[in-house]
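Observations on the three-dimensional arrangement
Residue strings, one per chain:
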Amino acid sequence: PLDPVSGLNIGGESRPILAADQNNPTTVDAALAQEKGPALFDVRQRFVFTFGLELPKLQSSSAAARAVLGGWQLNGIFQAQTGFPFTVNDSVLSITYLTQRPNVSCDPNNGPKTEAKWFATECFVRRTNLAETAAPGNQGRNVVRGPGFNKTDLSLFKNFGFGANGRHQVQFRLEAFNVFDQVVYGRPGNAIGTATFGQITTAEDGRTLQLGLKYSF
């Protein structure tokens, strides 16, 4: 989806280029028009597959068979999606505009897609003197796409019933988040002129396992 101000709702976005006076609708309209672009949460492709498999409880089997083989439950969720958009900014502030953005001369998304250089940083040109900053940079909002990801979470439950009619239940839970330990990269550096511009220096935690017990009655 397109919008001008998703950062007001979920954060994580720099200030707009143009200032706006709430008592002057013309300035508000101009500021919103300047910022119209992909929303921060805009994902072009996303696929999610979930499943839950409950094995037979083996009620007609022996107590030993029920205790070992019965009451198991396997659950999973697989996610795959393309990356979120973001904007390249200049850390040097403009004396005319709220935010300084560079000019862009080509499609930055045609980059090598590596940790050392995710997008085509050479597409961005800094505007370093007063004459160049008389007008805002021609880069639109959220024109660069960050890395997507694939991730699988699995959980295995074992239910034990005891007491009259199995009224009491104990559930053993083994949960694995990102079970295949796939890398989920953070956003590349988006400040032109810095040492980490275009580089990926962060990632989510890898595989995480946790054990739990749940008692219900």
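Described in the following lines is the structure provided in the data block. These numbers were taken from a predicted model, which means no experiment stands behind them.

The subject of this paragraph is the sheet that holds strand S11 (residues 168-177). What the five strands build is an open sheet, ordered S3-S4-S10-S11-S13; its pairing is antiparallel. Across the chains shown, the open sheet's two edge strands, defined by having one partner strand only, are strand S3 (46-54) and strand S13 (208-216). This sheet shows a mean twist of 10° between the axes of neighbouring strands, independent of strand direction. Here strand S4 (residues 72-81) pairs with strand S10 (residues 149-162) via ten bridges, running antiparallel. For Leu-74, the partnering residue across the bridge sits in S10 and is Leu-156.

Once that is clear, we can look at the environment of Pro-112. Within the secondary structure, Pro-112 sits in the loop between strand S7 (103-104) and strand S8 (124-125). Leave out the neighbours within four places in its chain, and Pro-112 touches Lys-117, Trp-118 and Phe-119.

Further remarks concern the state of the cysteines. The final tally for this structure, using the stated rule, is one disulfide. Here Cys-106 connects covalently by a disulfide to Cys-123, the sulfurs 1.8 Å from one another. What sets the handedness of the Cys-106 and Cys-123 disulfide is the S-S torsion sign, and at about -100° it is left-handed. Taken as a pair, Cys-106 in the loop between S7 and S8 and Cys-123 in the loop between S7 and S8 lie far apart in primary sequence, 17 residues in all. The class of Cys-106 is partly exposed, set by a relative accessible area of 38%.

Okay, the pattern of salt bridges next. Within this structure, the stated rule accounts for seven salt bridges. The salt bridge involving Arg-101 is made with Glu-35; its shortest N-O contact spans 2.6 Å. Note that Arg-101 is positioned in the loop between strand S6 (89-90) and S7 and Glu-35 in helix H2 (residues 25-35), a separation of 66 residues in sequence. The closest approach of N and O atoms between Asp-42 and Arg-145, which form a salt bridge, is 2.4 Å. Here Arg-145 lies in strand S9 (residues 144-145) and Asp-42 lies in the loop between strand S2 (37-38) and S3, a separation of 103 residues in the sequence. Under the relative-accessibility criterion, Asp-42 is labelled buried at 2%. A single network of salt bridges, built from pairs that share partners, joins Asp-42, Arg-44 and Arg-145.

Calculation criteria
- The numbering scheme is per chain: residues are counted from 1 as the chain's sequence reads.
- Two thresholds apply to this predicted model, a pLDDT of at least 70 for residue-level local features and 80 or more for giving and counting side-chain atom pairs, whereas whole-chain, interface and lining totals are computed over all residues.
- With hydrogens and water stripped out, all remaining heavy atoms of the structure feed into the side-chain values.
- In this analysis, strands are considered paired if DSSP registers two or more bridges between them.
- Going along the chain from the N terminus, every DSSP run of H or I of four or more residues is numbered as a helix, and every run of E of two or more is numbered as a strand.
- Axes here mean lines fitted to C-alpha atoms, for a helix over just the part in contact, with angles spanning 0 to 180 degrees between N-to-C directions.
- It only takes one pair of heavy atoms within 4.5 Å for two residues to be counted as in contact.
- Cysteine sulfur atoms are paired as a disulfide whenever they fall within 2.5 Å.
- Three exposure classes are used, based on accessible area relative to the maximum for each residue type with a 1.4 Å probe and protein chains only: buried under 20%, partly exposed in between, and exposed over 50%.
- When a carboxyl oxygen of Asp or Glu lies within 4 Å of a side-chain nitrogen of Lys or Arg, that pair is called a salt bridge.

Don't take any of this as a statement about function, it's just geometry.
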